[in-house]
Amino acid sequence: MTSPRQLKLGAFMRPVSIHTGAWRYPGAFPDANFNFAHLKRFAQTLERARFDAFFMADHLAVLNMPIAALQRSHTVSSFEPFTLLSALAQHTRHIGLVATASTTFDEPFHIARRFASLDHLSEGRAGWNIVTTSNPDAAKNFGRDDHMAHDERYARAREFYDVVTGLWDSWADDAFVRDVDSGRFFDPERLHTLDHRGKYLSVRGPLHIARPVQGWPVIVQAGASEPGRQLAAETAEVIFAAPGTLDEGRRFYADVKGRLAALGRERDHLKILPAAFVVVGDTVAEARAIRAKLDSLVHYESAIASLSIMLGHDASAFDPNKPLPEIPPTNASQSSRERVIALAQREGFTVRQLAQRIGGYGGLAFVGTAQTIADEMQEWLEAEGSDGFNIMFPWLPGGLDAFADKVVPELQRRGIFRREYEGKTLRENLGLPRPANRFFPDAPGSAD
């Protein structure tokens, strides 16, 4: 008898809750995004619950919303991700540490060096969330007046990936001989200079840090547009997707996984983890009451500003009591815009109703008891809608504690989630192979 498929679980932890009202919820830590003691506690709770990864999203600009709305947002400040995750690496032993880093406004040498360092500091637990930054205000923080066009951002990202992974392969795994007697620290024959010259990037190399423990940190992506899906099929090992329904999830899963064979990739070497907002109660009614309380803490100024960001269009002038009007295409994230429009049409929302949902959290949500939530997660897993989930907690610490103490044991009881970690590295726990070094495939340990 074959064992059932196992869920993989990430935790979306920047902001510590995606819900705009989370910091105001009774018992919440209002300063949780910027309090290391709290974040350390959260990471250790997640590790106790055997989560695969602590995921820190990142922004390169204060959210582009009116100050009346921005003043109500708990996302206005947070730690720089590499600094925080390097600190958390010293207080955890098993959980993966995943950070967002932009291919639009950073340089590949910086990205390669930071993630290689984090992978060594954590003994093989780093993951890189590749993003093509869509916030136009971010351009102004990097000396640019214009934002790069959507498709061009993805073309640059593809070349960026090749450069970063090439830099990670600068050294063979056995390059550092450290022969004290002869005085030879490394073997120069086991060092490769990348010397990349492409359409968008020119990088000589080599990277001056040993090859990462995992070979490469785990590659994570989130794009749902056509360029994003293709980039993910070619490069990603984990996708943080955002389908709103199981049917959408199954279509996305089949589409992206279906592209892998033509690329010479194994289906199981790409894990699809939809974002899921999870509210746990002792009864379904209690869970719904928690969500209603959360939504009641979202101000309309914040809600309509959040809707504007998701649409890439100013929604403040829309009639709040009428359906969403037609929205022209913009240079903002197309997948986010399409999800919001689909939600409005599916639910028949007015602008006010849509803004309130988006202002709290408008994506996939499991609201119920440990048993009903486990039922839904198991259905997604067995129906090939996902390989697991990237969990968003309604408020911290209570929402996280409820999931760890109630939902995780139920998933374990059903045999669809681990009781102990499978290995020492993030790759081992996710069931992903260690990539061969493209320049030194013969090196011991260069691939699993």
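The preceding data block contains the structure.
Because the structure is predicted, anything quoted here is derived from the model rather than measured. (Residues numbered from 1 in each chain as written. Predicted model: local features only at pLDDT ≥ 70, side-chain atom pairs only at ≥ 80, totals over all residues. Heavy atoms only, no water.)

Visitor: Please clarify how the layout of surface pockets should be interpreted in this entry.
Guide: Its boundaries defined by the atoms lining it, the second largest pocket holds a volume of some 230 Å³. As for the second largest pocket, its lining consists of 13 residues, and the residues nearest its centre are Glu237, Arg265, His269, Pro433 and Pro435. Per-class residue counts for the lining of the second largest pocket are five nonpolar, three polar and five charged. (1 Å grid on protein atoms, 1.4 Å probe; cavity = no way out; pocket = protein on both sides within 12 Å on 5 of 7 lines; lining within 4 Å. Points joined across faces, edges and corners; volume = space filled by probe spheres on them. Nonpolar A, V, L, I, M, F, W, Y, C, P; charged D, E, K, R; others polar.)

Visitor: Explain helix 12 (residues 351–360) to me, please; I cannot follow it from the model alone.
Guide: In an α-helix, one full turn covers 3.6 residues, which means residues spaced three or four apart are oriented alike. Of all the positions in helix 12, only Val351, Leu354, Ala355, Ile358, Gly359 and Gly360 are classed as buried. Packing partners of the buried residues in helix 12 comprise helix 9 (284–296), helix 10 (300–311) and helix 11 (334–347). (Buried < 20%, exposed > 50% of the residue type's maximum accessible area, 1.4 Å probe, protein only. Helix = DSSP H or I, 4+ residues; strand = E, 2+ residues; numbered from the N terminus. Contact = heavy atoms within 4.5 Å.)

Visitor: Any chance you could explain the pattern of salt bridges here in plain terms?
Guide: A pair can form between side chains of opposite charge whenever their charged atoms are brought close. Following the criterion strictly, the structure yields 30 salt bridges and no others. As a salt-bridge pair, arginine 438 and aspartate 169 come within 3.4 Å of each other at their nearest N and O atoms. With arginine 438 in the segment after helix 15 (426–430) and aspartate 169 in the loop between helix 6 (150–168) and strand 5 (196–197), this pair connects stretches of sequence that are 269 residues apart. Arginine 259 is the partner of aspartate 255 in a salt bridge, and the nearest nitrogen-oxygen pair spans 3.0 Å. Accessibility expressed as a relative area gives 15% for arginine 259, which makes it buried. Linked by salt bridges that have partners in common, Asp169, Asp173, Arg211, Arg434 and Arg438 make up one network. (Salt bridge = Lys/Arg side-chain N within 4 Å of Asp/Glu carboxyl O.)

Visitor: What is the right way to read empty space enclosed by the protein from this model?
Guide: Take a probe with the size of a water molecule and roll it over the atoms, and the empty space left behind shows itself. Under the criterion given, the structure shown has two cavities of 30 Å³ or more. Taken as a whole, the largest cavity encloses approximately 80 Å³ of empty space. Lining the largest cavity are Leu9, Gly10, Asp52, Ala53, Val98, Val218, Val220, Val238, Phe240, Leu273, Leu426 and Leu430. At the level of elements, strand 1 (8–12), strand 7 (218–221) and helix 15 are the ones that each hand at least two residues to the lining of the largest cavity. Volume-wise, the second largest cavity comes out at about 30 Å³. The wall of the second largest cavity is formed by Met13, Arg14, Val16, Asn33, Leu39, Met56, Phe79 and Leu84. In the lining of the second largest cavity, the residues fall into six nonpolar, one polar and one charged.

Visitor: Sorry, what's going on with the packing of helix 13 (residues 370–382) against helix 14 (residues 398–413) here?
Guide: For any two helices packed against each other, the geometry is given by the interaxial angle and the distance between the axes. The contact between helix 13 and helix 14 brings their axes to 9 Å, and the two run at 50 degrees. Put simply, helix 13 runs oblique to helix 14. By crossing handedness, the relation of helix 13 to helix 14 is classed as right-handed. Note on element contacts: helix 14 touches helix 13 through Phe403, Lys406, Val407, Glu410 and Leu411, opposite Ala370, Gln371, Ile373, Ala374 and Met377. (Axes fitted to C-alpha atoms, helices over the stretch in contact; angles between N-to-C directions. Parallel < 35°, antiparallel > 145°, perpendicular 65-115°, else oblique. Left-handed = near helix turned anticlockwise from the far one by under 90°.)

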